[in-house]
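Chains, contacts and geometry: an overview
Here's the letter readout for the chains.
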Amino acid sequence: MSQYWSPVVAGLSPYVPGEQPKLQNLIKLNTNENPYPPSPRALQAIREAADEALKRYPDPASDALRQAVAATHGVSVGEVFVGNGSDEVLAHAFQAFFKHDGRPLLFPDISYSFYPVYCGLYQIEFHRVALQDDFSLRVDDYLPQAQRTAGGIILPNPNAPTGRALPLGEIERLVAGNPQCVVLIDEAYVDFGAQSAASLVSRYPNLLVVQTLSKSRSLAGLRVGFAIGHPALIEGLNRVKDSFNSYPIDRLAQAGAIAALQDSAYFEQTCRAVIATRERMTASLVEQGFEVLPSAANFVFARHPGHDAATLAAQLRERSIIVRHFRQPRIDQFLRISIGTDDESQALIAALNTILGA
Ligand SMILES: *Cc1c(COP(=O)(O)O)cnc(C)c1O
């Protein structure tokens, strides 16, 4: 606390990212990174971009990268915005679309914990909508009601940290039922088993789809995310971006991201591997007595009826395995476990066998 801070800063409760431990040899299953390396073509492109041209600013509009995103998703370049990680894209979207006096932003009570943080930063009114007891989302809860019309809606699909996905038809019902506001679908994990809403963008001017290269493209360290939406929404995002930082994506990131998007064979192969490991790990956890929510993501959300989640997380840590535990109402008996390689997930299962057997 300091007298020099602006009042809004004194009132912030910043997001707390999952631990990035300095220790080597940990099995790191706590922040949903991809266990596989980035595409070799992406690494090669980054090396090739590390030359004298770095003395120049990068393309402020990231045209070639937006072109690559557009080609990957079958949209036009004017429907694409890119940012320094999807967290930055989300932040700009909150500022651009979600601040409407008297009309709150809606999001699920169990969801990405960055959303309320952006609301604090931009002073956006919000309302948390409770998920069902099984953590599924009911679209009807988000449709305009006599007492409440949303000024914006945001949800991850698949949801984080539950892993549950909504089918595309339900997303469309949500978007079509709220033409008065932007509906933002945060598709950070969509490539691991859900359906993208990007195909709906041409029909719904209020839909914004946000994705990242951090999870399914193994590039969390490069910081590239993007949004797909109607050109008028993209223009809104560009107005915010160009009032904040003209060059959010550096030359190396633009080169690496383009090559990663173009290497679809590698992408599909690593996604398939993660999904296969998820299915095997889920079966093993169920055998051990865990309740595991159905996951369409690169993590599972699981609880054991006979064992406290915080204790389990601590016991795993003693065995050099880190998973994520949220001290939060409704989910404090769950562990969120990222999908690692097969070896890593077998090590987790073996450690749990020891802990549960003791
Ligand atoms: C990981 C994640 C993001 C952020 O991804 P970056 O592109 O690395 O900033 C956004 N939304 C959700 C739900 C995530 O889990």
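Going by the structure above, here's the rest.
In this report, we go over the structure that sits alongside the text. (Residues numbered from 1 in each chain as written. Predicted model: local features only at pLDDT ≥ 70, side-chain atom pairs only at ≥ 80, totals over all residues. Heavy atoms only, no water.)

1. What to know about helix 6 (residues 168-176)
Listed as buried for helix 6 are L168, I171, L174 and V175. Projected onto a plane normal to the axis of helix 6, the buried residues spread over an arc of 120 degrees and lie on a single side. On its buried face, helix 6 is in contact with strand 5 (152-156), strand 6 (183-186) and strand 7 (207-212). (Buried < 20%, exposed > 50% of the residue type's maximum accessible area, 1.4 Å probe, protein only. Helix = DSSP H or I, 4+ residues; strand = E, 2+ residues; numbered from the N terminus. Arc of directions from axis to C-beta. Contact = heavy atoms within 4.5 Å.)

2. Section: empty space enclosed by the protein
Under the defined criterion, the tally for this structure stands at one cavity of 30 Å³ or more. A volume near 50 Å³ is recorded for the largest cavity. Along the walls of the largest cavity sit S39, S216, R217, S218, A260, D263, Y266, F267 and T270, which together make up its complete lining. In the lining of the largest cavity, the residues fall into three nonpolar, four polar and two charged. (1 Å grid on protein atoms, 1.4 Å probe; cavity = no way out; pocket = protein on both sides within 12 Å on 5 of 7 lines; lining within 4 Å. Points joined across faces, edges and corners; volume = space filled by probe spheres on them. Nonpolar A, V, L, I, M, F, W, Y, C, P; charged D, E, K, R; others polar.)

3. With respect to the pairing of strand 10 (residues 299-303)
Taken across its five residues, strand 10 has four buried, putting it largely inside the fold. Pairing between strand 9 (residues 291-292) and strand 10: two bridges, direction antiparallel. Looking at strand 10, one finds that E291 is bridged to R303. Joining the antiparallel neighbours strand 9 and strand 10 is a turn of six residues. (Pairing = 2+ DSSP bridges.)

4. Some remarks on the sheet that holds strand 12 (residues 335-338)
Within the open sheet, the three strands sit side by side as 9-10-12. Their pairing is antiparallel. In the strand order of this sheet, the two ends are held by strand 9 and strand 12, each with one partner. Along the sheet, helix 9 (residues 264-287) contacts strand 9, strand 10 and strand 12; its crossing angle with strand 10, the most-contacted strand, is approximately 5 degrees. (Axes fitted to C-alpha atoms, helices over the stretch in contact; angles between N-to-C directions.)

5. A look at the sheet that holds strand 7
Overall, mixed pairing links the seven strands, which are arranged 2-8-7-6-5-3-4 in an open sheet. Strand pairing shows two members of the sheet lacking a second neighbour, strand 2 (80-83) and strand 4 (126-129), which therefore form its edges. Pairwise comparison of adjacent strand axes, ignoring direction, gives a mean angle of 20 degrees for this sheet. Of the strand pairs in this sheet, strand 2 and strand 8 (residues 225-229) are connected by four bridges, and their pairing is antiparallel. Bridging from a neighbouring strand, F81 pairs with A227 of strand 8. Packed on one face of the sheet, helix 4 (residues 85-97) meets strand 2, strand 3 (105-108), strand 5, strand 6, strand 7 and strand 8 and runs near 160 degrees to strand 7.

Fair warning: the whole summary comes from geometry, so function is off the table for now.
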